[in-house]
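# Observations on the model geometry
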Amino acid sequence: MNYHNITKDDMLNGDGLRVVLWVSGCTHHCHECHNPETWDLASGIPFDKEAEDELFEALKPDHISGITFSGGDPLHPMNREEVARLIKKFRKLYPNKTAWLYTGYLWDDVKDLDGISDLNVLCDGEFVLDLKDEKVHWVGSTNQRVIDVQKTLESGEIVLHNS
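Now for a description of the structure that goes with this document. (Residues numbered from 1 in each chain as written. Predicted model: local features only at pLDDT ≥ 70, side-chain atom pairs only at ≥ 80, totals over all residues. Heavy atoms only, no water.)

### Describing unusual backbone geometry
Rules: Classification of residues uses two cut-offs on accessible area relative to the type maximum, computed with a 1.4 Å probe and protein chains only: under 20% is buried, over 50% is exposed, and between them is partly exposed. Working definition: helices are DSSP H or I runs of at least four residues, strands are E runs of at least two. Numbering for both runs from the N terminus.
Positive phi outside glycine occurs at His29, with the angle close to 50°. Of the residues examined, His29 reaches a relative accessible area of 43% and is grouped as partly exposed. The phi dihedral of Trp138 falls on the positive side, at around 80°, and the residue is not glycine. Relative to the elements of secondary structure, Trp138 occurs in the loop between β6 (121-124) and β7 (145-148). The class for Trp138 is buried, based on a relative accessible area of 16%.

If you want it as structure tokens, here you go:
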């Protein structure tokens, strides 16, 4: 898996102060995407042990609320195995912090993937320019959903995250 950046002290991609891993690879190619440079799987740099150490070190401080996986698309088929491993490692190391993930895929298409059940929030759906709304919290267009993963898994029906 390749990645573009590890953002520390981010307040735009989930509740609280977060660390964001920006992965490479996306086939959705949403019109007016904010990160088209991340579409190519070969772009960025390899996510190696040094990058992983940096990521988990950045998550240590108590003032950090959690991790957010974004990109690109963390659930691109070529990213899924590595992202699932990182989600599980995060959950073991930081059980009291939250894990968010942004994907262009829909909940029904990814809910059974490895690692999804360890997330707190999953933001699903492609960005649609015609549905862009600055008032929608955490996502860019009204078709996208901010899903409370744990409550959704418990109830069997999609429960939106309260922000």
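### Description of the state of the cysteines
Rule in force here: Note on terminology: disulfide denotes any pair of cysteine sulfur atoms within 2.5 Å.
In this structure the tally under the stated criterion is zero disulfides. No disulfide involves Cys123; its sulfur sits 13 Å from the nearest other cysteine sulfur, which is in Cys30.

### Considerations on the side chain of Thr103
The condition is simple: Think of a polar contact as two N or O atoms within 3.5 Å of one another; within protein, one of them needs to be a possible hydrogen donor and the other a possible acceptor, and neighboring residues in sequence only count if both atoms come from side chains. By definition in these notes, contact holds between two residues if any of their heavy atoms fall within 4.5 Å.
Mapping Thr103 onto the fold places it in the loop between β5 (98-102) and α3 (107-110). A relative accessible area of 4% places Thr103 in the buried class. Polar side-chain contacts of Thr103 include one of 2.9 Å to the side chain of Asp73. Excluding anything up to four places from it in sequence, Thr103 contacts Asp73, Leu75, Leu122, Cys123, Asp124 and Gly125.

### Quick look at the sheet that holds strand β3 (residues 45-46)
Defined as follows: We treat two strands as partners when DSSP finds at least two bridges between them. Under this scheme, a helix contributes an axis fitted over its contacting stretch, all axes are lines through C-alpha atoms, and angles between N-to-C directions fall in the 0 to 180 degree range.
Strands sit in the order β3-β1-β2-β4-β5-β6-β7 across an open sheet of seven strands; the sheet is mixed. Two strands bound the open sheet, and with one partner strand each, they are β3 and β7. Bridge count for β5 against β6 is three bridges, and the pairing is parallel. Pairing of Trp100 across the sheet is with Val121, part of β6. Contacts from helix α2 (residues 80-93) reach β2 (18-23), β4 (66-71) and β5, with the element oriented near 160° to β5.

### Regarding helix α1 (residues 49-58)
Put simply, the rule reads: What the arc measures is the spread of directions leading from the helix axis to the C-beta atoms.
Residues of α1 that are buried: Ala51, Glu52, Leu55, Phe56 and Ala58. Taken down its axis, α1 places every buried residue within 160° of arc, on the same side. Turned more than 90 degrees from where α1 packs its buried face, Lys49 and Glu50 sit exposed. Where α1 is buried, its residues contact β1 (2-10), β2, β4 and α2. The opening residue of α1, the one whose side-chain oxygen lies 3.3 Å from the backbone nitrogen of Glu50, is Asp48.

This is a description of form; function is not addressed.
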